[in-house]
Every structure is written in structure tokens, then in C-alpha cells.
Amino acid sequence: MKTNTSTLAQDIIEGIRAAIGPAPAVLHEPSFNGNEWLYLKECLDSTYVSSVGKYVDRFEIDLANFTGAKFAISVINGTAALHIALKLAGVQANDEVLIPALTFVATANAVTYCDAIPHFIDSEESTLGIDGKKLRDYLNSISEQRSGQCFNKNTGRVIRALVPMHTFGHPSDLEGLMSIAQDFNIVMVEDAAESLGSYYKGKHTGTFGLLGALSFNGNKTITTGGGGAILTNDENLARRAKHLTTTAKLPHPWEFRHDEVGYNYRMPNINAALGCAQLEQLPKKLAAKRELFSRYKQSFSKISKVALFEEPTNSKSNYWLQTILLDENQSDQRDLILEETNAANYMTRPSWVLLNELTPFKDCPNMDLPTAQSLATRLINIPSSPELVLSGSQ
Ligand SMILES: *Cc1c(COP(=O)(O)O)cnc(C)c1O
């Protein structure tokens, strides 16, 4: 058993080395090889570093153009984007919101900020996202329609929203999930924090739901330091999103009048300056991440007991984090593989702990989660920075 284990870890280390060259390599690092310094200097020289400025406006227009969303509203981080998106989707106190158990904690936190309750759904192995077929069967058995709303028969609460998350950049089964949202009178809001540059049937993720949320945290595909954005095609919701995230202040030359409780969630101009430069670099980064995938694919094709995760059918993924999946019967070796790869200075990380297992969410409703549970014990993220390809190793 022991010999077997370290053999697999050594095979994986060799697979990584064959693809990216000698260690060290971190999981995902940002890179600033375009107009970042120029735009930041311009921003500082202008003194408009904070809540207003031309880079905020430009970043929002550039984001809308890139994603094909009619409107993009930039905010301080992806969690804030999700919070406001859920609020604008009508999520209220005591509502339930369907989210994957296999996601970053921000998805559940944002639901909780609305005083609503996360309801955890199983994932499918082909997309790493919510399993639409299972969700439909589950809703058929636990929900009922009353006056155009979907009620959980077990808890008596309204199931208001469904939040697919595009795991590591791989699009969820968006058509399946949209048809569920429609059939059960549930609003869909996408957590597209990881999937800037990912497309489902040629359309950018985050533009299928009523609203979508992006993140530009330092470890994401592009970064503004910290940052996020709300995407929507609905002009009224876009206006509401801008208003709510800018303290709900009524436009006036000098008067401070706020017509509801708003949020100071706007993205500072200095972060947007960074974002404009990063967005110019995005196509190059996406091409590099795809090239990195094909290098890994070649090296891992020779290794048994482990598979490199590949973008789902009908989708084009940004390959934000490259992912390997151990065979079912190898999951007991995961921790040793993590230890040995990190000791070899190739940074690797396990799955998030399933959210239904975390203390703040352990009393929330959940369906049976066999696939999420299995994935959580078998998946490992491996070094994924675009620079691994762009800096010309190999
Ligand atoms: C990164 C991320 C977010 C948002 O994170 P911020 O750090 O607040 O920008 C939300 N959901 C998922 C799944 C993420 O990976």
C-alpha cells in the first residue's frame, strides 16, 4: 500500500515536471506584462484613485464588450457582486437558495448576507457543477408550486433562487439548469467568479442567469487586486445595481440624499485602472492556459489511476485551475500526494471542504451528495499560472 502510494505521487510529480519544467511553481500567480504601470501612473497623477474616475467607466464598458453582457457593474469583490446580484434577484429573509455543496464559501456567505438559507445540491462528474438531472428529480419530490412560487414542502420556505457555479472555469450544464429555473419558477443567478473567458455553446458564462457575478481577486484569471463585477442584460437591474453599490445616493451636485440603505461596494478607480490593463492581456492569458492544459494532457495521458479534467462538451473553458481526478479506489492516497507534490515545490491543493460540512452551514438543508462527496476526496488542483507557458519554460 505504502509503496503503491508514493509511486502514484512520484508519477504525478513527473507528469507535472514534464509539462511545466522544474519546480518551483505556485498554484496560480498574477502577472502584469501590459499597460498596468502606465494606467496606474495615470490614475495616481489624476488623483482620482477612489470612488469615481474614467477607469471605472472604461472597465465596465470593456467587461460588457468582452462578455457580451449588456451591462457590467464593477464592485469591490466577487462576494459583494454575488450579494447584490442575489438581492436584486429578489432573495429575501428566510428564502432558500439552491447552491452546489462543492463551491468556495463565498457562494453560501452571499446567500447568508441576504438572511436567506443555502440549500446544498449535488454535483455531476462531467462538469463539476450542479447535476441538473438530479436537481430536477429532487425538486419534483420535495417542492410544490403555490401562487407562482416554489415552496420546499419539508421546510415551508420559498425556494427563490438557483446559483450554478462554474467550477475552476468549467461551465455547468446551463441549458439544463435554465430549464429547471423556468419550470419551477426559480430565478437563476450565476456565480461566474471563476469563469471569466469561459463559454457555454458560444455564449459567455455569467450572461445566462438574470444576473451573474465575476471576481478579480489576486488568484483569478485576471486581477484588480480585489474586485468583482455584476453582469446583467436588464437595464433596470443594472441601474439598481449601480445605485445600491454606490450608497444609494441620489444624483445631485452637492446634496447627500440616499433613498434606501445602500452599500459602499464600488470599485475604486485605481483597481479599475489595473483591471483595464489586465483585460487587454486576457486573450493572451486564455491562450496560454489552454496550451498549459494540452501539455498536461500529454504528460498525464501516460499515468494510470489519475485523469486530467477536460472541458465539458459544448463548452469552452478558461482552464482557470487545472484539475486532476484520482480514480475512486485511489482517494486514500490523496493526502500523501498533496504532501509529496508540495514538498517537491509544486503547489497543489485539495477540493474545498463541502459547505454542508462547515460549522456555519451544517444545519442547512441538503440533498444526498454522493458525487460531491466523492469529488471532494479525489480532486487536486495543480500549478495553473499562464506564465508557466508564457515565460517559455520548455
Ligand atoms: C473567488 C470566488 C468568489 C468571489 O471571491 P472574492 O474573493 O470575494 O472576489 C465567489 N465564488 C467563487 C466560487 C469563487 O471562487
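Our structure is the block above this text.
All chains use their own residue numbering, which begins from 1 and follows the written sequence. Two thresholds apply to this predicted model, a pLDDT of at least 70 for residue-level local features and 80 or more for giving and counting side-chain atom pairs, whereas whole-chain, interface and lining totals are computed over all residues. To get the side-chain values, all heavy atoms of the structure are used, and hydrogens and water are removed first.

Draft legend 1. Molecular detail of the side chain of histidine 119. Among the structural elements, histidine 119 can be located in strand β3 (residues 117–121). Exposure remark for histidine 119: the relative accessible area of 1% places this residue in the buried category. One polar contact links histidine 119 to glutamate 96, side chain to side chain, over a distance of 2.8 Å. Those residues in contact with histidine 119 that sit more than four places away from it in its chain are Glu96, Val97, Leu98, Ile99, Tyr138, Ile142, Asn152, Pro365, Asn366 and Met367. Think of it this way: any DSSP run of H or I at least four residues long counts as a helix, any run of E at least two long counts as a strand, and we number them from the N terminus. Type-normalised accessible area, obtained with a 1.4 Å probe on protein chains alone, sets the label of each residue: buried when under 20%, exposed when over 50%, and partly exposed for intermediate values. Polar contact is the term for a pair of N or O atoms within 3.5 Å; when the atoms are in protein, one must be able to donate a hydrogen and the other to accept it, and sequence-neighboring residues count only if both atoms are side-chain atoms. Only heavy atoms enter the contact rule, under which two residues are in contact if any of them lie within 4.5 Å.

Draft legend 2. Inspection of empty space enclosed by the protein at higher detail. Here a cavity denotes a set of grid points, spaced 1 Å apart and computed over the protein atoms alone, in which a 1.4 Å probe fits but from which it cannot get out, and a pocket denotes an open set meeting protein on both sides within 12 Å along at least five of seven lines; residues with an atom within 4 Å of a point are reported as lining. Grid points are joined across faces, edges and corners, and a volume is the space filled by probe spheres set on the points. The full count for this structure, using the stated rule, is three cavities of 30 Å³ or more. Taken together, Ser31, Phe32, Asn33, Gln281, Lys284, Lys285, Glu387 and Leu390 make up the full set of residues lining the largest cavity. Every element with two or more residues in the lining of the largest cavity is listed here: α9 (269–300) and α12 (387–390). Of all the elements, α9 adds the most residues to the lining of the largest cavity, at three residues. Three categories are distinguished: nonpolar for Ala, Val, Leu, Ile, Met, Phe, Trp, Tyr, Cys and Pro, charged for Asp, Glu, Lys and Arg, and polar for the others, with Gly belonging to the last. Here the residues of the lining of the largest cavity are counted per class, giving two nonpolar, three polar and three charged.

Draft legend 3. A look at the pattern of salt bridges. One speaks of a salt bridge when a side-chain nitrogen belonging to Lys or Arg is within 4 Å of a carboxyl oxygen belonging to Asp or Glu. If you walk through the whole model with that rule in mind, you get 20 salt bridges. For the salt bridge of aspartate 62 with arginine 58, the shortest nitrogen-to-oxygen distance reads 3.1 Å. Remark: arginine 58 and aspartate 62 occur in helix α3 (residues 54–67); sequence separation between them is four residues, near one turn of the helix. Arginine 58 gets classed as partly exposed once you look at its relative accessible area, which sits at 29%. Where lysine 201 meets glutamate 175, a salt bridge forms, and the shortest distance between an N and an O atom there is 2.8 Å. Linking lysine 201 in the loop between β8 (199–200) and β9 (203–204) with glutamate 175 in helix α7 (residues 174–183), this pair joins segments that are 26 residues apart in sequence. Through salt bridges with shared partners, one network takes in Arg58, Asp62 and Glu280.

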